[in-house]
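Inside the fold
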Amino acid sequence: MADNSIGRKFRISSFGESHGKIIGVLIDGIPAGLDLNLEFIQNELNKRKPGQSKLTTERKEDDEFTILSGIFNNKTTGAPICLVIENKDKDSSKYEKFKHILRPSHVDYSALKRYGGFADFRGSGRFSGRITAGFVMAGAIAKQILNLLDINMIAYTQSIGEIEDFENYESHDIRKLMEKREKSLARTLNPKISEKMELLIQNIKNQKDSLGGTIQCLVKNFPAGVGGPVFNSLESDLAKGIFSIPAVKGIEFGAGFKSAKMKGSEHNDPWKVDNNSITTTKNDSGGIIGGISTGMPISFRVAIKPTASIGKKQKTVDIKNMKNIELELEGRHDPCILPRAVVIVEAITSVILVDHLICQGKIPEIINNDEAN
Ligand SMILES: Cc1cc2nc3c(=O)[nH]c(=O)nc-3n(C[C@H](O)[C@H](O)[C@H](O)COP(=O)(O)O)c2cc1C
């Protein structure tokens, strides 16, 4: 399987399968001398790990990571960093039983056509949300680089089903928003909306069904002038990274699809100068114009589909007997992926932003190298 890497100069490669021995990530292009906070990496993993609340899958994994290379005396060496996590709670029995049955809106048919039946189907193998633990580890390192530059971000659940938070949080303090988000099992920012979302997820779980929603991501203090037009634009690279997260079905920057219905006079973001600093009075562009950052908050929204594996009866095909059948799936599934996905969105965003900053020489190849000198 090719194409498991992303990034030009800060490049991450994903490997492992859901029920294999390990999952992990290889990170190349990392500056030397970075004083890594390993506890931060674990905390980020804990926000993604399964079994963390009543709203997630019951699969129980510690998701404790091991460093295989690239870190010496607690600092990055400039060599590739390899981080792995052992898969411990593997129950492949349910998958064996349903091996010949195509789960609707899951990868079984497309993967069969692509890999001729050789792909590891246990726990959805390479297609599992589990591979995103590797994204989160890489993102936790990228985030520490962004923090050094005072660039901070938050992704949060903006809607689940019909329940939506319409507030624009661009002017809010990210640290305070983060505190609010981490008090919410749905990982949203408004406690009242969170309660409704939690109830909704619990109800849909009881009905053996699932729900999707949207995640809003905000990045503040990202410098103007990063990116470029055409194929490696900031928008295209972010979109490509975000679409690598399983279950993502859409992304829109700023006003996004709403902009198609707006007049130029409504959509245009007026420029203003204040104390020699240029900003816009609103941000329907989402902080990117011409594929290049404007210095306004980078703001985008991600659509996540309802989890495909549901216990409810569904029509499908048994490909062994070539028969139309009805399927009632067993197994441990997320009734709604969003509460676990916010940190994955942040992780991929961090990786892409750091890659762009390094490509433009905005991050030195050696960071914090006092002791080395
Ligand atoms: C954190 C996370 C957890 C997921 N959990 C499940 C799950 O329990 N059941 C499921 O059917 N899909 C789950 N998915 C999504 C599938 O992996 C994904 O829908 C599938 O591989 C098909 O890919 P696509 O939806 O991107 O086309 C999860 C995704 C993520 C990011």
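Up top is the structure.
A brief look at the structure comes next. Since we're looking at a predicted model, the values are computed, not measured.

**Digging into helix α9 (residues 338-359)**
- The end-to-end C-alpha distance of α9, which contains 22 residues, comes to 31 Å, matching closely the 32 Å that a straight helix rising 1.5 Å per residue would cover.
- Across the 22 residues of α9, 21 count as buried, placing the element largely inside the fold.
- Looking one or two residues past α9, G361 carries a phi angle of roughly 70°, positive in sign.

**Some points on the site of the ligand**
- Neighbouring the ligand are 21 residues; F127, G129, P246, S309 and H333 lie closest to it.
- Counted by class, the shell around the ligand contains nine nonpolar, nine polar and three charged residues.

**Looking at the environment of G70**
- Locating G70 in the fold gives a position in the loop between β4 (65-69) and β5 (71-72).
- On the neighbour-count criterion, G70 (21 C-beta atoms within 10 Å) is buried.
- Residues G70 and L83 lie 13 residues apart in sequence; the distance between their C-alpha atoms is 9.3 Å.
- The contact partners of G70, leaving out residues within four places of it in the chain, are I30, T76, T77, A79, P80, I81 and C82.

**Here's the deal with the packing of helix α4 (residues 132-148) against α9**
- Remark: α4 packs on α9, axes separated minimally by 7 Å, with the N-to-C direction vectors making an angle of 55°. Here α4 is positioned oblique relative to α9, judged by the angle of their axes. The two elements α4 and α9 cross, and the hand of that crossing is left-handed. In contact with T132, F135, V136, A138, G139, A140, A142, K143, I145 and L146 of α4, α9 contributes V343, I344, E346, A347, I348, S350, V351, L353 and V354.
- For the contact of α4 with α9, a count of residues per class yields 14 nonpolar, three polar and two charged.

Definitions and limits used
- Within any chain, residue numbers begin from 1 and follow the written order of that chain's sequence.
- Where local features are concerned, this predicted model is filtered to residues with pLDDT of at least 70; where side-chain atom pairs are given and counted, the filter is 80 or more; whole-chain, interface and lining totals use all residues.
- In this text, helices come from DSSP runs of H or I with a minimum length of four residues, and strands from runs of E with a minimum of two, each type numbered from the N-terminal end.
- One fewer than the residue count of a helix, multiplied by 1.5 Å, yields its expected span.
- With C-beta atoms placed from the backbone, a residue counts as buried when 20 or more other C-beta atoms lie within 10 Å of its own, as exposed when 12 or fewer do, and as partly exposed for counts between those limits.
- Any residue whose C-beta atom, as set from the backbone, lies within 6 Å of a molecule or strand is reported as near that molecule or strand.
- Residue classes follow a fixed rule: Ala, Val, Leu, Ile, Met, Phe, Trp, Tyr, Cys and Pro count as nonpolar, while Asp, Glu, Lys and Arg count as charged, and any other residue, Gly among them, counts as polar.
- Contacts are defined on C-beta atoms placed from the backbone: any two residues whose C-beta positions lie within 7 Å are in contact.
- Axis lines are fitted to C-alpha atoms, over the contacting stretch for helices. Their N-to-C directions set the angle, which ranges from 0 to 180 degrees.
- Oblique is the label for any angle not covered by the other classes, which are roughly parallel (under 35 degrees), roughly antiparallel (over 145) and roughly perpendicular (65 to 115).
- The hand of a helix crossing depends on one turn: near helix anticlockwise from the far one by less than a right angle means left-handed, and clockwise means right-handed.

Any functional reading would require information that these geometric values do not contain.
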